[in-house]
Amino acid sequence: ALSTNIEKTTRNKVQTIRKIQAAGIVLAVVNFIVILFHFIRKLNRSDKAAEKAEHEIREILGSVSNGLFLLDKQLIIGEQHSASLKEILPADNFSGRNFIDVMRPYVTEKTLSTVKEYVELLFTSHVEESLIQDLNPLQEVTIHIDSKGGAFDMRHLQFMFRRSWDKMELNHILVSITNVTEAVQLR
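Residues numbered from 1 in each chain as written. Predicted model: local features only at pLDDT ≥ 70, side-chain atom pairs only at ≥ 80, totals over all residues. Heavy atoms only, no water.

On to the packing of aromatic side chains, then. Counting across every chain of the model gives four aromatic pairs. Plain terms: the ring middles of Phe-69 and Phe-99 are 5.8 Å apart, the flat faces sit at 45 degrees to each other, and that makes the pair tilted. On the criterion of sequence distance, the pair formed by Phe-69 in strand E1 (residues 67–71) and Phe-99 in helix H3 (residues 99–103) is long-range, its members being 30 residues apart. A relative accessible area of 3% places Phe-69 in the buried class. Residue Phe-99 is classed as buried on the basis of its relative accessible area of 1%. Aromatic side chains Tyr-118 and Phe-161 sit 5.6 Å apart centroid to centroid with 70 degrees between the ring planes, which places their arrangement in the edge-to-face category. One end of the pair, Tyr-118, is in helix H4 (residues 109–122); the other, Phe-161, is in strand E4 (residues 152–166), and 43 residues separate them in sequence. Residue Tyr-118 is classed as buried on the basis of its relative accessible area, which comes to 4%. What links up through ring pairs into an aromatic cluster is the set Phe-69, Phe-99, Tyr-118, Phe-159 and Phe-161. (Phe/Tyr/Trp six-rings, centres within 6.5 Å; stacked < 30°, edge-to-face > 60°. Helix = DSSP H or I, 4+ residues; strand = E, 2+ residues; numbered from the N terminus. Buried < 20%, exposed > 50% of the residue type's maximum accessible area, 1.4 Å probe, protein only.)

This is the structure we're talking about:
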């Protein structure tokens, strides 16, 4: 009788433990589903915010009249640039290309060398940006663009270089190109 009683008590405890384990597993699964649902909702909101920001950036870059792009420390043009850049400075593709190579058909090698030194100087963070703005070798430059029929189109461009900081670290230079041909011709 004692053996049967102990066996019955043990079976009841095992069943109770199994019920507790099952409840724990169910609660863990429910908790996982709640966390997953919350995470997916948060991820969805982040995706929507990122899409909205990307759409706004495309809209801005599509509507500005200046040619805008970022240069990294190796003078490589970033993936994003304004739509008007192609109208101002004709080239097949800007993204991922070296800025010096893009400018090579339009300016002299001496000017390219000076531009390279100037941009490298801009990437030197201890040099005050406002003090070296006057040294910009592309402040106003005249370029000749071959057009159909053997003629060429002469444009006067103004380049501006601004440092782009991210968390106290200098990562890029923002380049702004403005076509000032009409102003130069009026002058």
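Read across the sheet, five strands follow the order E2-E1-E5-E4-E3 without closing on themselves; strand pairing throughout is antiparallel. Each edge of the sheet is formed by a strand with only one pairing partner; in this case those strands are strand E2 (77–81) and strand E3 (141–146). Going across the sheet, the axis of each strand differs from the next one's by a mean of 35 degrees, ignoring polarity. Note: E1 against E2, two bridges, orientation antiparallel. What sits directly across from Leu-71, in E2, is Ile-77. Those strands touched by H4 are E1, E4 and strand E5 (169–179), and its axis lies near 20 degrees from that of E4. (Pairing = 2+ DSSP bridges. Axes fitted to C-alpha atoms, helices over the stretch in contact; angles between N-to-C directions. Contact = heavy atoms within 4.5 Å.)

The next thing to look at is a nonpolar patch on the surface. Judged by side-chain polarity, Ile-25, Val-29, Phe-32, Ile-33, Leu-36, Phe-39, Ile-40 and Leu-43 come together as a nonpolar surface patch covering roughly 780 Å² of accessible area. With respect to the helices and strands, the residue Ile-40 is situated in helix H1 (residues 2–63). (Patch = residues over 30% accessible without salt bridge, like charges linked within 9 Å, V, L, I, M, F, W, Y side chains within 5 Å. Areas by Shrake-Rupley, 256 points an atom, 1.4 Å probe, with all protein chains shown as cover. Salt bridge = Lys/Arg side-chain N within 4 Å of Asp/Glu carboxyl O.)

Our focus in this paragraph is the confidence of the model for the protein. Per-chain confidence: the protein averages 88 in pLDDT, with 100% of residues scoring 70 or above. When mean pLDDT is taken per element in the protein, H1 scores highest with 92 and helix H5 (residues 129–132) scores lowest with 80. (pLDDT = per-residue confidence, 0-100.)

Time to look at the pattern of salt bridges. Pairing between side chains of opposite charge can happen when the charged atoms of each approach one another. In total, this model carries six salt bridges according to the counting rule given. Note that Glu-7 and Arg-11 form a salt bridge whose closest N and O atoms lie 2.3 Å from each other. Remark: Arg-11 and Glu-7 occur in helix H1; sequence separation between them is four residues, near one turn of the helix. Judged by relative accessible area, which is 46%, Arg-11 ranks as partly exposed. Across the salt bridge formed by Arg-155 and Asp-153, the nearest N and O atoms sit 3.1 Å from each other. Judged by its relative accessible area of 32%, Asp-153 falls in the partly exposed class. Sharing partners across several salt bridges, the network here consists of Asp-101, Arg-104 and Glu-109.

All right, on to the nonpolar core then. One finds Leu-71, Leu-89, Phe-99, Leu-138, Phe-159, Phe-161 and Ile-177 to be the most contacted residues of the largest nonpolar core, which totals 33 residues. Looking at this core, the elements that each hand over two or more residues are E1, helix H2 (85–88), H3, H4, E3, E4 and E5. Ranked by the residues each element gives to this core, the list is headed by H4, at five residues. When neighbours within four sequence positions are excluded, Phe-99 is seen to be in contact with Phe-69, Leu-71, Leu-75, Ile-77, Val-115, Leu-138, Phe-159 and Phe-161. (Core = buried A, V, L, I, M, F, W, Y, C linked by side-chain atoms within 4.5 Å.)

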